[in-house]
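Here's the letter readout for the chains.
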Amino acid sequence: MAGPASNRHPAPAMAKPIYVLNGPNLNLLGSREPEVYGHETLDDLRQRCEQKAKTLGYSVEFRQSNHEGELVAWIQEARNDASGLIVNAGAFTHTSIAMLDALLACPVPIVEVHLSNIFTREEFRHRSYISKAAKGVICGFGGLGYELAIEALAAAISPGDAG
């Protein structure tokens, strides 16, 4: 996937980074419910994102927080400092109107990512508050979902938005 895609969506010179924001409990990846979330750690996901973004001419600002307010502040920061935004809000996906409001105010393309397929899990996980603000949602592909999200953002970012 890295080959042809790297030629299709070259980043504009001086492109702003792609922000990748991760919500609560994602710091426990690799040890928390590996049958659901896999064995990759959050650092493994960061490395995947950095490598994929680099092939497309972007850098990554990769962050994780267990605190809703901190995630909201980072989304607000991304309004001016990011080319695009990937959000795995964890449990806040299903509860946070504050994150939705911040995402709706964010003019950059947004992709929502989940490691597991939220639609095959408990009923309460089937509802995402933040999807309304996202250009698309990727779920169920584990760490590959982050790479797919970067690819999608590179295709969606216009040169006027990235520099």
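Residues numbered from 1 in each chain as written. Predicted model: local features only at pLDDT ≥ 70, side-chain atom pairs only at ≥ 80, totals over all residues. Heavy atoms only, no water.

J.: I'd like a description of the side chain of E147, backed by residues and values.
T.: If you trace the backbone, E147 turns up in helix α6 (residues 144-156). Excluding residues within four positions of it along the chain, E147 makes contact with R48 and K52. (Helix = DSSP H or I, 4+ residues; strand = E, 2+ residues; numbered from the N terminus. Contact = heavy atoms within 4.5 Å.)

J.: An account of unusual backbone geometry is needed here, citing residue identities and associated values.
T.: Unusually for a residue other than glycine, N25 sits at a positive phi of about 75°. Tracing the backbone shows N25 in the loop between β1 (18-22) and α2 (34-37).

J.: Describe in detail the nonpolar core, supporting the description with residues and values.
T.: I18, V20, F62, I86 and Y146 are the most contacted members of the largest nonpolar core, which has 23 residues in total. Listing elements by their share of this core, those giving two or more residues are β1, α3 (42-55), β2 (60-64), β4 (110-114) and α6. If you tally residues by element for this core, the top one is α6, at five residues. Residue contacts for F62: discarding those within four places in its chain leaves V20, N22, L42, L45, R46, C49 and Y146. Formed by 22 residues, the second largest nonpolar core is a distinct cluster that contains L71, V72, C106 and I130. (Core = buried A, V, L, I, M, F, W, Y, C linked by side-chain atoms within 4.5 Å. Buried < 20%, exposed > 50% of the residue type's maximum accessible area, 1.4 Å probe, protein only.)

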